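Reading the structure
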Amino acid sequence: MLNGKRILLIISGGIAAYKSLELIRTLKKSGASVRCILTQGGAQFVTPLSVAALSEEQVYTDLWSLKDETEMGHIRLSRECDLIVVAPASANIIARIANGLADDLASTTILASDKPVMVCPAMNPQMWENAATKSNIETLKKRGVIISGPAAGEMACGEIGYGRLLEPDVILSAITDFFFADKPLAGLKAIVTAGPTFEPIDPVRFVGNRSSGKQGYAIAKALSDLGASVTLVTGPTNEDAPSGIKTICIETARQMLESCQKLLPSDIAVCAAAVADWTPETYQNSKIKKTSDTSVTLKMTQNPDILSTLSKSVEKRPHLIVGFAAETDNLVDNARMKLLKKGCDWIVANSVSPENPVFGADENQVYFITSDKVEEWPRATKDDVARKLAARIVEFFNQDKAKHAAE
Ligand code: CTP
């Protein structure tokens, strides 16, 4: 099932375009939402009206349509989907994608996209065998485009060979494989907190910290790559919102806690945020002006502890909760104490001493701590630390499944 997956279907020209109508129905039946771009060639074979009726969405055809561009530009079209599927993909559109052309809405959308692309070729067998097409397909494969098909058989023109568009149910299973094969965390929900929190003093000032958010963002991506449905709850950072991951931007610790609680129940929570421990006791609505006093006192009050709150929540505690510990001294001892005190399952501890600058860096050296072991992980990029942690999370859920199966 493709529940909640958003497919952008590009229908290019070719007799096989009629099959795209059945494909839309098949995808919708499996729970996906389908938005379509119909190329000029595609519109020679199927009408925008039938595509709109089946997809229950507006159909996009024209790069230069002011109306479409205001309502939904090609950039948005290319971003608001989980997968772009070109079916049928004619030799012409394959050549245009391979060469990076942007001369109509379909090619421009693909060029502007940061999403995965699946191409389902359909053409005359000679065109498929042509060296030009072969080299274009190789180019696309090298860029990570998924090529599904074509199938062999008798063509509409009477010739026999490879060139038939895959049947809609076969395309559906290729799409399902894309989303779920090698996705051991598929079906699991994860909350990841990242970045600093900013605690406002007045409209222009705040108390914050140096967290860059890089480690938390990398963890969100690593979990999502393994199929988890991840929501990233992030304080202000300079990182780009990761594609395909639902991101909630907050400023304060209280907002972060509220967002996390709304996301429960969840299977996994990774609290990588550097949450401010204190917030100004009172917020001044107007900018605090300088006076003749040379010093100022800011009274602070403790913020709620998100990791503790999630770990101690009775009804909806995530099944696996991972905290971080940022310490300048006695790293492992302090981190183990945090594990006990906060009630999480694992702690990833990193030193934030001035000799070991972690904030903003691309690398991290951490200790992985559970109730019964401490592992020192070698220094690695934050992406690699994230992937290693994600692999441990997969192991945990595999063992958990095995335990339940044995019971
Ligand atoms: N944390 C949290 N909410 C807070 C403070 C911390 O969820 N209000 C989480 C962090 O996201 C991290 C863990 O608790 O996963 C430890 O954070 P850290 O800053 O190392 O420790 P603190 O709890 O703030 O304790 P201290 O400042 O005394 O070291």
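Conventions we followed
- Residues numbered from 1 in each chain as written.
- Predicted model: local features only at pLDDT ≥ 70, side-chain atom pairs only at ≥ 80, totals over all residues.
- Heavy atoms only, no water.
- Pairing = 2+ DSSP bridges.
- Helix = DSSP H or I, 4+ residues; strand = E, 2+ residues; numbered from the N terminus.
- Axes fitted to C-alpha atoms, helices over the stretch in contact; angles between N-to-C directions.
- Contact = heavy atoms within 4.5 Å.
- Patch = residues over 30% accessible without salt bridge, like charges linked within 9 Å, V, L, I, M, F, W, Y side chains within 5 Å.
- Areas by Shrake-Rupley, 256 points an atom, 1.4 Å probe, with all protein chains shown as cover.
- Salt bridge = Lys/Arg side-chain N within 4 Å of Asp/Glu carboxyl O.
- Buried < 20%, exposed > 50% of the residue type's maximum accessible area, 1.4 Å probe, protein only.
- Domains from an automatic or database assignment.

Within the open sheet, the 8 strands sit side by side as S13-S12-S9-S14-S17-S18-S20-S21. Their pairing is mixed. With one partner strand each, in any of the chains shown, strand S13 (246-249) and strand S21 (374-376) form the two edges of the open sheet. Averaged over all neighbouring strand pairs, the angle between strand axes comes to 15°, with direction disregarded. Pairing between strand S18 (residues 346-351) and strand S20 (residues 366-369): 4 bridges, direction antiparallel. Following the sheet pairing, Ala349 is matched in S20 by Tyr367. Packed on one face of the sheet, helix H13 (residues 331-342) meets strand S17 (320-327), S18, S20 and S21 and runs near 150° to S18.

This next bit is on a nonpolar patch on the surface. Among the surface-exposed residues, Ile15, Tyr18 and Phe45 lie close enough to one another that they form a single nonpolar patch of about 340 Å² accessible area. Position of Tyr18 among the secondary structure elements: in helix H1 (residues 18-29). Overall, the relative accessible area of 51% leaves Tyr18 in the exposed class.

Domain annotation for the protein chain reports domain 1 (6-180) and domain 2 (189-279 + 298-406). Measuring from the centre of the C-alpha atoms in domain 1 to the corresponding centre in domain 2 gives 39 Å.

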